[in-house]
Amino acid sequence: MQRIVSKLFALGLFAVVNTAQALTIFTCEPEWASLSMELAPDAKVFSATHAYQDPHYIEARPSLISKLAKADIAICSGAGLESGWLPALQKRASNRDVIDGAKGMLYLSRFIETIEKHDTEFFSTEHVHPEGNPHFHLDPERVSKLARVISQRLQTIDPDSSQAYQQALEKWQANWQKSMQTWQQQAAELKGQPVVVQHTSFSYLINWSGMNAIADLEPEPGVPPTMTHAQSLVEETRSQQPIAILTNWYQNDRAAQWLSGKTDVKHLNLPATVDLKGEINTLQRLFDHLLSQLQAAR
Ligand SMILES: [Zn+2]
């Protein structure tokens, strides 16, 4: 009898040790979920938002609170992108591992330079990004740097699996650098091409490829398009002949469609991030898709 008990005990202990090995990763945006899945193949990864959802505004739902409560690490863009909802989640999840300042709370904006830093006093809205543009996952070079940052943090909080994370990172980097060569060729063809945008969602990609955003359907950063503002862009759009009017999957694209109809400039509705349940489920596929769509619009 005692032997059975001790055997069961040993089995139980084994099970506990086993479940403790895989990390639970909470991400604020799907791009970081996808990247985490590649850098930590054994981890349980969850994203608070998806590709059809505006990450600037979501509700701190109870299901999200319980996900954050169970997380070993939270990975978010930062730079104010989640300031409307993440603090409420952190407060209600009461998980010391993912509070600000903890090793398990990773704000990626702190490891890169953001672009488009605005003076808050200059704009009346709270929608603008005073800490710079937080949509930096659309610059392949910043992504490469951030993959290293994420991997290093995973190794810090889970040193036992350090080697596995390092190997996953090296494999990921090799693939990424290979794809970069193709993307650079595509970008070279897009260089100097004008586009009309709606919000600054694609700014990093536009900058990286050397395209030129000639107008924004948002009358002010973060303020949704209005008809009056769209009307004011007709003449400029006609004269500058941009290759496309860009919107993303989570935006209302009525103004873009209207401007496209008025000017005969193509309207392109593109994913602003990965779609974890669809075909464009990795950042690599996202860049492949975005650059080929833009190239085809020329
Ligand atoms: Zn934004």
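Residues numbered from 1 in each chain as written. Predicted model: local features only at pLDDT ≥ 70, side-chain atom pairs only at ≥ 80, totals over all residues. Heavy atoms only, no water.

Remarks on the coordination of the zinc ion
We apply this condition: Sodium, potassium and calcium take a 3.2 Å donor cutoff, other metals 2.8 Å, and in both cases only N, O and S atoms count; water is not among them, so sites may look incomplete. Four donors are marked tetrahedral only if all angles between them lie between 85 and 135 degrees, whereas four are marked square planar and six octahedral if opposite donors are more than 155 degrees apart and the other angles lie between 65 and 115; the remainder are marked irregular.
Taken together, the protein ligands of the zinc ion are His-56 (NE2), His-129 (NE2), His-135 (NE2) and His-199 (NE2), with distances of 2.0 Å. In this structure, the zinc ion is coordinated by four donor atoms arranged in tetrahedral fashion, with angles at the metal of 103 to 117 degrees.

Some words on the pattern of salt bridges
Here is the rule: One side-chain nitrogen of Lys or Arg within 4 Å of one carboxyl oxygen of Asp or Glu is enough to make a salt bridge. Exposure classes here rest on a 1.4 Å probe applied to the protein chains alone. A residue is buried below 20% of its type maximum, exposed above 50%, and partly exposed in between. Put simply, DSSP marks the helices as runs of H or I at least four residues long and the strands as runs of E at least two long, and each gets a number from the N terminus on.
In this structure the tally under the stated criterion is three salt bridges. When the shortest N-O distance is used, the salt bridge between Arg-142 and Asp-139 registers 2.6 Å. Each member of the pair Arg-142 and Asp-139 is classed as buried. Ionic pairing is found between Arg-298 and Glu-189, a salt bridge with its closest N-O pair at 3.2 Å. One end of the pair, Arg-298, is in the segment after helix H11 (283-297); the other, Glu-189, is in helix H6 (residues 162-190), and 109 residues separate them in sequence. Among the residues examined, Glu-189 registers a relative accessible area of 38% and is labelled partly exposed.

Considering the pairing of strand E6 (residues 212-216)
Basically, it comes down to this: A strand pair is defined by DSSP finding two or more bridges across the two strands. When the strands point away from the viewer and the connection leading from the first strand across the helix to the second strand turns clockwise, the crossover is called right-handed.
Direction of pairing for strand E5 (residues 194-197) relative to E6: parallel, over a ladder of four bridges. When the sheet's bridge partners are listed, Val-195 is paired in E6 with Ala-213. Crossover connection from E5 via helix H7 (residues 203-209) to parallel E6: handedness right-handed.

Let's talk about the packing of aromatic side chains
As a reminder of what qualifies: To pair, rings of Phe, Tyr and Trp, with the six-membered ring standing in for Trp, must have centres within 6.5 Å; the planes then decide the type, stacked if under 30 degrees apart, edge-to-face if over 60, and tilted in the middle.
The tally for this structure, following the rule as stated, stands at eight aromatic pairs. On the basis of an interplanar angle of 35 degrees and a centroid distance of 5.0 Å, the ring pair of Trp-183 and Phe-287 is categorised as tilted. Of this pair, Trp-183 sits in helix H6 while Phe-287 sits in helix H11, and the two are 104 residues apart along the sequence. One exposure class covers both Trp-183 and Phe-287, and it is buried. Of the aromatic side chains, those joined through ring pairs into one cluster are Trp-172, Trp-176, Trp-183 and Phe-287.

Let's talk about unusual backbone geometry
The residue Ala-79 is not glycine, and still its phi comes out positive at about 55 degrees. When you line up the elements, Ala-79 lands in the loop between strand E3 (73-76) and helix H4 (86-93). Given a relative accessible area of 6%, Ala-79 falls into the buried group. For Asp-264, which is not glycine, the phi dihedral falls at a positive 65 degrees. You can see Asp-264 is positioned in the loop between helix H10 (254-263) and strand E8 (267-270). Residue Asp-264 is classed as exposed on the basis of its relative accessible area of 73%.

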